[in-house]
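Now for the letters of each chain:
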Amino acid sequence: MSSAISSEDTIGIPARPKRWHILVFLLPAFIVYSAVMILPLIETLRLSLFNTVDGQSTFVGLHNFQVLFGDERWAADFWRALKNNFIFFAIHMLVQNPLGIALAAMLSIPKLRLAAFYRTAIFMPTILSFVIVGFIWKLILSPIWGITPFFMDLVGLKAFFGPWLGKPGSALIAVSLISVWQNVGIPMMLIYAALLNIPDEVIEAAECDGITGWSQFWKIKLPLVLPAIGMVSILTFVGNFNAFDLIYTVQGALAGPDGSTDILGTLLYRTFFGFQLQLGDRSMGATIATVMFLIILAGVSLYLFGIQRRVRRYQF
Amino acid sequence: MSKARISPLRSSFVHLALAGYTVVALFPVVLTILNSLKDKNAIFRTPLQPPTAETFSLIGYTTVLKQGDFIGYFQNSLIVTVISIFFALLFGAMAAFALSEYRFRGNTLMGLYLAIGIMIPIRLGTVAILQGMVATGLVNTLTALILVYTAQGLPLAIFILSEFMRTVSDDLKNAGRIDGLSEYAIFFRLVLPLVRPAMATVAVFTMIPIWNDLWFPLILAPGEATKTVTLGSQVFIGQFVTNWNAVLAALSLAIFPVLILYVIFSRQLIRGITAGAVK
């Protein structure tokens, strides 16, 4: 097919005029995208190999990475941010995505009344900015206002209330759960759509075989929406390893208390831009951005070449 | 489809669970808006009650509107969002048309190149973006933000729009060519009107992250004259941490426009995310 077309292209119309309009159509997007996105990305990767030596930008090879991974001033912060980022991601995978699947499964029950209302309401937090979400939850969890202790009192758990955002042991979990609250709408919607796309015949065939209810969900529906779950996971991964706004809003640039909520995004901001007594460092900023790029690239490649190809897709 | 598959008992469990989570999703926002309309005593004494005649007060709103230039912030956000969406849609549609309509060398490669940005976030290039903006004197201008957001919106716009443009009938375009329309006229007069629904979906998708972004306004345009609503409320609320009336009012002011747009466009948005599975 393709060879037939190309031979027709080359032999059938030998002297085709230059098709300038293709260039005109492509050029604006290509220029803006390359100039503002791709070139800066490449330049950032390049900068990570340079550092200022005696006031001059010098090629230092992988020295910046050695400093970031091993130097005592940098390594502790970096490894902590990396670890926190993985915990942040793990909480999303363990809470947000199962919750999203459960909500989607309930919403997709045929002829469920009020489904449109539930769907719209539950998705609402997703469209709010991190700033709004961060501050609202800061107020609600604040011991001064007392909303949370009041509710915990209602169910007799008041003794367990604590200033979660202010304690190093619980702050990261609390911030992650706020983020889950905000973003659960995305897995819910994507999996909901996948569930609605399962043809009725498949479900009816399952029912004829006596597979209903729970076992139908586990044995029929869940395997059929696995590609959607894979996509949700990679979206969560990219979003989490590039997160910044929520933690900056709730805990500030220092990602307190005591750096316990510091993730790669906030570390990049502080390093590159400087904060309070710390001066901004362009090379180290670029180095951290490069590490983030490599992590995201590794995740995306694993998804595209490892998971997405292996997940069995069913053609209906 | 119409068989009664679900027992009344299970159905009420499902409603209980969904309604419960709906309350969890809505409660914080409702609480904020309700309390922003009350006086300080009532905020702390009876936080869960709606404002009554006695406790009603707009003190927070008057403080906010007096102190911060919220109208200016809104204007900035609006300008940045509208212009970025316009260019992302226009350039994106043009590129999508080129990729889906013509066969030329490097077509697939160009498609892949333009798709990198779907997965790799533009934030990772911030160090060099700031450098470039400093070099061109664009720091603290809305132009810097518009450029960045246009680039950020392009990959997804191109991806979605080229899928839709493949569905436009070839016969129609060829009829246009026989009638002597130029390729540009075919694009602007025949194809663009036909993919309008897809353009609306892309616009809604592109809008939310631009309107809500904190990172680039913070780094590229933190000046008072160019603050967006997201950055403006972040800075403002940070200054007024102890004035609860002002904080709640500022939050409500930031929520209202988004909420109103959401109520109007939620169907469009949800249909876009679910790729038409939800009617």
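Residues numbered from 1 in each chain as written. Chains lettered and ligands numbered in written order. Predicted model: local features only at pLDDT ≥ 70, side-chain atom pairs only at ≥ 80, totals over all residues.

1. Points about the packing of helix α6 (residues 130-141) of chain A against helix α1 (residues 8-36) of chain B
So, step 1. One way to put it is that α6 of chain A packs onto α1 of chain B with a least axis distance of 10 Å and a crossing angle of 85 degrees. Our classification of the angle between α6 of chain A and α1 of chain B gives roughly perpendicular. On α1 of chain B, the residues that touch I136, W137 and I140 of chain A of α6 of chain A are P28, V29 and T32 of chain B.
So, step 2. Its residues placed into classes, the contact of α6 of chain A with α1 of chain B shows five nonpolar, one polar and no charged. (Axes fitted to C-alpha atoms, helices over the stretch in contact; angles between N-to-C directions. Helix = DSSP H or I, 4+ residues; strand = E, 2+ residues; numbered from the N terminus. Parallel < 35°, antiparallel > 145°, perpendicular 65-115°, else oblique. Contact = placed C-beta atoms within 7 Å. Nonpolar A, V, L, I, M, F, W, Y, C, P; charged D, E, K, R; others polar.)

2. What about the interface of chain A and chain B?
So, step 1. If you look at the interface, chain A gives 64 residues, while chain B gives 68 residues.
So, step 2. Sorting the residues of the side of chain A that touches chain B by element identifies α2 (20-47), α4 (72-107), α5 (115-127), α6, α9 (185-196), α13 (245-251), α14 (264-273) and α15 (282-307) of chain A as the ones contributing at least two each.
So, step 3. No other element matches the 15 residues that α2 of chain A contributes to the side of chain A that touches chain B.

3. Topic: the domain arrangement of chain B
Residue and element names in this part refer to chain B.
So, step 1. Domain boundaries assigned for chain B yield domain 1 (8-57) and domain 2 (64-273).
So, step 2. Taking only C-alpha atoms into account, the centre of domain 1 sits 33 Å from that of domain 2.
So, step 3. Each side of the interface is counted separately: domain 1 has seven residues, and domain 2 has seven residues.
So, step 4. Secondary structure elements with two or more residues in the side of domain 1 that touches domain 2: α1 and α2 (40-45).
So, step 5. Among the elements that take part in the side of domain 1 that touches domain 2, α1 stands out by supplying five residues, more than any other. (Domains from an automatic or database assignment.)

4. Quick notes on the domain arrangement of chain A
So, step 1. Segmentation of chain A into domains returns domain 1 (2-47) and domain 2 (65-307).
So, step 2. Computed over C-alpha atoms, the centres of domain 1 of chain A and domain 2 of chain A are 38 Å apart.

5. Overview of helix α9 (residues 183-194) of chain B
So, step 1. Look at α9 of chain B: 16 Å from first C-alpha to last across twelve residues, which is about the 16 Å you get at 1.5 Å a residue.
So, step 2. Residues of α9 of chain B that are buried include every one of E183, I186, F187 and V191 of chain B, and no others. Along the axis of α9 of chain B, the buried residues cluster in a sector spanning 95 degrees; they form a single face. Opposite the buried face of α9 of chain B, at more than 90 degrees from it, the exposed residues are R189 and P193 of chain B.
So, step 3. Each element contacted by the buried residues of α9 of chain B is listed here: α2 of chain A together with α4 (70-101), α7 (142-165) and α8 (170-178) of chain B. (Expected span 1.5 Å × (residues − 1). Buried ≥ 20, exposed ≤ 12 C-beta atoms within 10 Å, placed from the backbone. Arc of directions from axis to C-beta.)

6. Quick word on the nonpolar core
So, step 1. Core analysis: the biggest nonpolar cluster contains 156 residues, and I191 of chain A together with A95, V148 and L161 of chain B have the highest contact counts within it.
So, step 2. Apart from the residues within four sequence positions on either side, I191 of chain A is in contact with G100, I101, A104, V225, A228, I229 and V232 of chain A. (Core = buried A, V, L, I, M, F, W, Y, C linked by C-beta atoms within 7 Å.)

7. A word on unusual backbone geometry
So, step 1. Positive phi outside glycine occurs at L114 of chain A, with the angle close to 65 degrees.
So, step 2. Structurally, L114 of chain A is set in the loop between α4 and α5.
So, step 3. Among the residues examined, L114 of chain A registers 13 C-beta atoms within 10 Å and is labelled partly exposed.
So, step 4. Although it is not a glycine, N140 of chain B sits at a positive phi angle of roughly 60 degrees.
So, step 5. By secondary structure assignment, the location of N140 of chain B is in the loop between α6 (126-135) and α7.

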